[in-house]
Structure formats: C-alpha cells, structure tokens
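# Coordinate inspection notes
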Amino acid sequence: MRDIDQIYIDGTFVTPHGEERAELFNPSTEDKIGSVRLGDRDDAHAAIAAAKRAFPIHARSSKAERMNMLAALSAAVLARAPELTAAMAEEYGAPQYFTGFAVQHAASAFLDMAKVLRDYEFTRQIGRAEVTMQPVGIAAAITPWNSNYGFICSKLATAIAAGTTIVIKPSEMSAIQTQLLTECLHEAGLPKGLFNIVNGRGYIVGAEFSRHPDIAKVTFTGSTAVGKQILKFGAETLKRVTLELGGKGPNIVLDDADLDVAIPNVLRAGLMNSCQACVAGTRILVPVNRMEEVHAKLKEGIAAFKAGGPADPDVRIGPMVSSKQHERVQSYIRLGLEEGADLLAGGPGRPDGIERGWFSRPTIFTNVRNDMRIAREEIFGPVLSVLAYHDDDEAIRIVNDTTYGLQAYLHGRDPDRLQVFADRLESGRIVINGAPHEPLAPFGGFKQSGLGREFGAYGLEGFLEPRAVLS
Ligand code: NAD
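These numbers were taken from a predicted model, which means no experiment stands behind them.

On to the sheet that holds strand β21 (residues 464-470). Within the open sheet, the 3 strands sit side by side as β6-β7-β21. Their pairing is antiparallel. Lying at the two open borders of the sheet, with one neighbouring strand each, are β6 (123-126) and β21. Each strand axis lies, on average, 30° off the axis of its neighbour in the sheet, ignoring direction. Looking at chain direction, strand β7 (residues 129-135) and β21 are connected through 7 bridges and run antiparallel. Across the sheet, the residue bridging to M133 is P466, located in β21.

Following this line, the structure appears as structure tokens:
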C-alpha cells in the first residue's frame, strides 16, 4: 500500500493544504494499492508563487546552464529506470514493450530539447529590428494518465529550454508514478521553484492554474472537452495555450499495399498503448476490392495481440486504466453492435481466461459507416473500425470527415502516390508505412485535436514571445 502524502513546491516535498484523498488501484487486478492526498487552491497558489519567485533568475540563465539542467534531469530519470518501469506497470498496467519505451522516451525528452536549444537562435536581425525570443512567463502544465512520465518530462524540458518556470498538475490517477518521477527530478538539483508539481483534481488545481493571472502559458494534454474549458478559462487573461487533445486517427490501406507488410503496421498503429493513445489509428480504411483479403489478415494478425497483465512479456494489450474507462470501452463495443456493425474479432466482456482486471477484448468491427458513433468518437480502448472505400477521392472524403486531425497512417507501395495522398489529409502528422517517430518534428493536431505544437523548435517557440527592438 502506498500512501502519497506530499506534493513538490519550491524544491521541497511538502504536505498539501488540501485534505481530500483519492484511492489508487492496480488496473490488472482491481486491487486498491494506495491513496493520494490531493492539493487544493491554496496549494496551487503556493506552487505559482514559488514559480514566480524563481522566474527572473531562470529567465536570464544561459543556454549552457539550461543544457546542463536538461542533461542532469535526463540522467536522474535513467538512474531509476527499473523502479519507474515497475511503478508504471503496477499503477497503469501497461505491457512491458510500452513501459520500457515510456521511461526511455521520458529521459530522452530532455536530451532532445537540449539539442534544439543548442541550435536555436534566440536573436535575429530583421531590417532595423533586433528580434529576441523572450520566455513567455510562468507556465502551467496539465497532463493525463496514459503516458504520465513522457508528458511531464517533455513539457518540463521545453519550459527549462525556454527560460520559463513551471507548475505541473499530473493526473491524480498516476500519483505513484508522479511521486517516483518527482523524486528523480529533485535529484537533478535544479534551483528551487523552477518546477513545482501538485497532485489535485482537474476542476480544482487544474482550473486554478488555467485561470490564475500569474500564469502566462498553459500547456495541456488531455481530452478535447477539457481543452475547450482551459481555453475559456485562459481567455480572461489572454494566456498562451497549447492544447494536445483527442484523435480518431485514420489508418489507410491503399489498393497497391503489400498486405503482409501493411496489416501488421495497421494493427500496431491501431492498438498501441492498449489503444489508450490519442494517436491510435482506429479507423481502418480499406479499398472494397481488397476487403476480403484484409479481413482475413486482420483476423489472423489480431490473434497475436495477447491481452493480460504486465508480468507476461508476450502481452501486447494491457488493462484499461480505471473501471470507469473499462465500462466506457465496453459500452462502445455494445454500441457498435447496436449500430449494426459486424464483429470480425473480440466483442463484449473480458478476454478468454481473464476473470479480474479492467481488460477488454481486442475488437475489430467491419462494415462500419462513417456516420456511426464508433467511427466518429474517440473510444480510448482496443476497438477498431473497418470502413470501405471505392477510390482515393472517396477515401480522402471519409478520412477528412471528422472533427479530429491528429495523426494519420498511410500504407502503400508507390511513394509518389503516397505523397499526393498525404498532401490531401487534414492531419498534424502523417506516418507512411510505419515510419519511426521523429522526436524533433512538430507534434499537434488540426481541427479539434488541438492548438499549437509540441516538440522541437516549434514546441520551444510555444514557450517564447518575440520582442523587436528598433534602433
Ligand atoms: P482529461 O481531459 O479528463 O484530463 C487530463 C488532465 O486534465 C488531468 O490532469 C485532469 O485532472 C485535468 N482536468 C480535468 N478537468 C479539468 C479542468 N476543468 N480544468 C483543468 N484541468 C482539468 O483526459 P484524460 O482522461 O486524463 O486523458 C485522456 C484524453 O487525453 C483523451 O481524450 C486523449 O485523446 C487525450 N490525449 C491527448 C494526447 C495528445 O497529445 N493529443 C495525448 C494523450 C492523451
């Protein structure tokens, strides 16, 4: 049993003023594994005050000083990688392939930002004007539970590189992971107040960070509904806002695709992080003339996506994070059947042989129309929809007929055709034939998948404000 009783303010672990407790669970077993004492508005104010005191000094720090801080943070995370992995496995339930990636990704976020910082020109001459990129002011980060380490570390890395200080409110469902990560970050020995981490309810601590006049910038990852709320809160003081929100990623098989290569990539993109991923490619678009072949390969392929707890290295699909999230996924599976889609794999209930834990069966619906809710709404669980198209124009029409536009996946043989197709997609990122992640490229959504960009120089500029001096 872990009881998390402290938050991190001004370089110190302190007991929060807030007294409410939230329970913490192991989603693979449904067992209660601890609790977290939550911060309140007073704690939010204390964190903001600490970040405000630290700001003037950090804003004037040199590139070299910031790069040293980033290197120290990365090393501090790596130093406790096995414990971080174990905490994520217990509290989030992710399979081993994902926990391993998540911890490395969190540590490398600091080094990636250090590279950006090394090459970034803060000052440039434009005619008579000397333009300097200034830190935007104190930042607030609000993050979800589906990759707790990565979101905290990438937002913190960007703030440090930009010369801003930051207050962070992670998901209250990730408190054990947050505690351990905060201990690592503390070990890096950064100046007091530079970063502050407050557990708390979204509508209390998150809302306070989004409204407070001393916060100049909010960087949020989470649902589209909460993102809109944060934008409204921030409007009163004209905060700069970066929103990384939901998605309903298209996973498009072109008619010339080699299905032996494409279908494993389709399934990997569709089911990554147990489908608790904003970038999951959950709408599979297939040309009608290859539908039967694709059905056969999907059915065969999904059988390899074993569901289960994190102790088994062969597992590819972990539990849903909470009973609420599990019930939500189950309700979408029932909805798909009610809407008249056909089941190719999976269905309601737990996977065979699993009696406890918030597991769902990896499910594929076929004969899905784009007006069905299972094709339009983000499910955030292992439920994929197959939609048919007759030609490229129809495929593009279906793909772009959504309120989302975060990440799309294209599978085909002809590079010129893939490029032409990619140019017509309304999507912040397009991944062709399973291309690997590019950490310095901008990440963010078109339409209601977000506002602004993270990562690389584009992400850094989200924490900066240009100032022109004319002489
Ligand atoms: P959520 O929006 O419910 O919560 C995210 C964070 O916001 C949490 O820390 C929560 O406490 C806080 N919050 C809740 N209400 C708030 C309020 N009124 N004011 C301020 N903060 C508030 O999302 P979630 O359920 O934790 O995560 C799942 C969602 O996140 C999905 O929609 C998913 O697509 C999205 N997501 C997006 C990305 C991306 O990069 N685009 C990445 C991962 C997850």
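Alright, that's what it looks like, and here's the rest.
So, about the nonpolar core. The biggest cluster of nonpolar side chains holds 62 residues, and the ones touching the most others in it are L70, F110, L156 and L185. The leading source of residues in this core is helix α4 (residues 96-119), at 11 residues. With residues near it in sequence (within four places) discarded, L185 still touches L73, V77, F110, I152, L156, F195 and I197. Listed in part, the 35 residues of the second largest apolar core include V253, L267, A269 and M291.

This brings us to the site of the ligand. Taken together, 28 residues are adjacent to the ligand, and T143, S223, L245, C278 and E378 come closest. For the ligand, the protein covers 87% of the area, taking 850 Å² as the surface of the free molecule. The set of elements that each furnish at least two residues to the shell around the ligand consists of α7 (202-211), β11 (217-221) and α8 (224-235). A per-element tally of the shell around the ligand places α7 first, with 4 residues. Of the residues that constitute the shell around the ligand, the class distribution is 15 nonpolar, 9 polar and 4 charged.

Attention now goes to the state of the cysteines. According to the stated counting rule, one finds 0 disulfides in the structure shown. For the unlinked cysteine C184, the closest cysteine sulfur is that of C153, found at 8.5 Å.

This part takes up the side chain of N199. Considering the arrangement of structural elements, one finds N199 in the loop between β10 (195-197) and α7. With sequence-adjacent residues up to four places away left out, N199 is seen in contact with I4, Q6, I7, V36, R37, L38, G39, P170, A175, T178 and V205.

Once that is clear, we can look at the pairing of strand β18 (residues 407-411). For β18, a buried count of 5 out of 5 residues is recorded, marking the element as mostly surrounded by other parts of the structure. By the alternation rule, side chains of β18 split into Q407, Y409 and H411 and A408 and L410, which are all buried. Where strand β13 (residues 250-253) lies against β18, 3 bridges are found, and the strand directions are parallel. For I252, the partnering residue across the bridge sits in β18 and is L410. In terms of handedness, the path from β18 via helix α14 (residues 415-423) over to strand β19 (residues 429-432) forms a crossover that is right-handed.

Parameters and conventions
Residues numbered from 1 in each chain as written. Predicted model: local features only at pLDDT ≥ 70, side-chain atom pairs only at ≥ 80, totals over all residues. Heavy atoms only, no water. Pairing = 2+ DSSP bridges. Helix = DSSP H or I, 4+ residues; strand = E, 2+ residues; numbered from the N terminus. Axes fitted to C-alpha atoms, helices over the stretch in contact; angles between N-to-C directions. Core = buried A, V, L, I, M, F, W, Y, C linked by side-chain atoms within 4.5 Å. Buried < 20%, exposed > 50% of the residue type's maximum accessible area, 1.4 Å probe, protein only. Contact = heavy atoms within 4.5 Å. Near = heavy atom within 4 Å. Areas by Shrake-Rupley, 256 points an atom, 1.4 Å probe, with all protein chains shown as cover. Nonpolar A, V, L, I, M, F, W, Y, C, P; charged D, E, K, R; others polar. Disulfide = S-S within 2.5 Å. Right-handed = clockwise from strand over helix to strand, strands pointing away.

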